[in-house]
Amino acid sequence: MNQTIASKHKNKTLTTLLAVFLGGVGAHRFYLYGAKDFWAWNYVMAFILFSCGVFLAQSPHSLVISIIALFPVSIFAGWIEAMVTGLTPDAKWDAKHNANSPRKSASGWPLIVLLVLTFALGITTFIFCVARATDLFLTGGAFG
């Protein structure tokens, strides 16, 4: 007898939502691959490094601490993964993550709205971080 075991269906919209709001700590990776995922733990470590940088930036510090505090790499990576996940065609998503699931993905407008908001939030935050880093580097923070 050749039987395939049905696996739990992985929702693309939920994965994108997790990547947008909790992507900095790798929640979307934990949802997809579980606690044994190497990259999920890298997200956690990068977020801890960012948190330490923010804490250390409250006192006199070096430019390196400012850069670590200004550029939350894990959060930016989570937003990029949210865009990649959301833009993946449903058929390709199901082939990769839902091969043994009886259900098929059918993404709709909530995913599109989430992608637009993710792009707007990500690009606005990135521009702010670049502007603030330039201010710190060129003027020592004279403008705020």
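The preceding data block contains the structure.
Let me begin by describing the structure that accompanies this report. Just so it is clear, the structure is predicted and the values come from calculations on it, not from any experiment. The residue count restarts for each chain, going from 1 along the sequence in the order it is written. It should be noted that, the model being predicted, local features are given only for residues of pLDDT at least 70 and side-chain atom pairs only at 80 or more, the latter also being counted only at that level, while totals for whole chains, interfaces and linings use all residues. Derived side-chain values reflect all non-hydrogen atoms in the structure, with water molecules and hydrogen atoms excluded from consideration.

### Overview of the nonpolar core
Formed by Ala19, Val20, Phe76, Trp79, Ala82, Leu114 and Cys129, the largest nonpolar core amounts to 7 residues. Under the scheme used here, helices are H or I runs from DSSP no shorter than 4 residues and strands are E runs no shorter than 2 residues, and both carry numbers assigned from the N terminus. Elements with a contribution of two residues or more to this core: α1 (12–22), α5 (73–87) and α7 (109–139). For this core, the element with the highest residue contribution is α5, accounting for 3 residues. The contact rule is simple, with two residues in contact once any of their heavy atoms fall within 4.5 Å. Contacts of Phe76, omitting those with residues within four sequence positions, involve Phe71, Gly122, Thr125, Phe126 and Cys129. Here, nonpolar core refers to any group of buried Ala, Val, Leu, Ile, Met, Phe, Trp, Tyr and Cys residues whose side-chain atoms link them within 4.5 Å. Accessible area is worked out with a 1.4 Å probe on protein chains only. A residue is then buried under 20% of its type maximum, exposed over 50%, and partly exposed in between.

### So, the packing of helix α3 (residues 38–56) against α5
Structural elements are reduced to axes, namely lines fitted to C-alpha atoms, with helices fitted over the stretch in contact, and the angle between N-to-C directions of any two is expressed from 0 to 180 degrees. At a minimum axis distance of 8 Å, the contact between α3 and α5 shows a crossing angle of 140°. Judged by the inter-axis angle, α3 sits oblique to α5. Contact with α3, carried on its side by Tyr43, Ala46, Phe47 and Phe50, involves Ser74, Ile75, Ala77, Gly78 and Glu81 of α5 and no other residues of that element. Of the residues in the contact of α3 with α5, the class split is 6 nonpolar, 2 polar and 1 charged. Angle categories: roughly parallel below 35 degrees, roughly antiparallel above 145, roughly perpendicular from 65 to 115, and oblique for all the rest. Note on residue categories: nonpolar means Ala, Val, Leu, Ile, Met, Phe, Trp, Tyr, Cys or Pro, charged means Asp, Glu, Lys or Arg, and polar means any other residue, Gly included.

### A look at a nonpolar patch on the surface
Like charges within 9 Å and nonpolar side chains (Val, Leu, Ile, Met, Phe, Trp, Tyr) within 5 Å are joined into patches, using only residues over 30% in relative accessible area that form no salt bridge. Per-residue accessibility takes into account occlusion by the displayed protein chains alone, with areas from the Shrake-Rupley method and a 1.4 Å probe. Within this document, salt bridges are pairs made up of a side-chain nitrogen of Lys or Arg and a carboxyl oxygen of Asp or Glu, the two lying within 4 Å of each other. Nonpolar side chains collect at one region of the surface, where Leu14, Leu17, Phe21, Leu22 and Val25 lie side by side and expose about 430 Å² of accessible area between them. Within the fold, Leu17 resides in helix α1. The class of Leu17 is partly exposed, set by a relative accessible area of 37%.

### Overview of the packing of aromatic side chains
Think of it this way: a Phe, Tyr or Trp ring, Trp meaning its six-membered ring, pairs with another when their centres are within 6.5 Å, and the plane angle makes it stacked under 30 degrees, edge-to-face over 60, tilted otherwise. Per the counting criterion, the structure on display carries 6 aromatic pairs. Plain terms: the ring middles of Phe30 and Trp41 are 5.0 Å apart, the flat faces sit at 80° to each other, and that makes the pair edge-to-face. Here the residue Phe30 occupies a position in helix α2 (residues 27–33), and Trp41 occupies one in helix α3, the gap between them amounting to 11 residues. Judged by its relative accessible area of 25%, Phe30 falls in the partly exposed class. For Trp41, a relative accessible area of 43% puts it in the partly exposed group. On the basis of an interplanar angle of 75° and a centroid distance of 5.8 Å, the ring pair of Phe76 and Phe126 is categorised as edge-to-face. Here Phe76, found in helix α5, pairs with Phe126, found in helix α7; they are 50 residues apart in sequence, far enough to count as distant. Owing to a relative accessible area of 40%, Phe126 belongs among the partly exposed residues under this scheme. An aromatic cluster is present here, built from Phe71, Phe76, Trp79 and Phe126 joined pairwise through their rings. A positively charged side chain is recorded as over a ring if its NZ (Lys) or CZ (Arg) lies within 6 Å of the ring centre. The angle to the ring normal must also be within 35 degrees. If you follow Lys10 out to its NZ or CZ, it ends over the ring of Tyr31, 5.1 Å from the centre.

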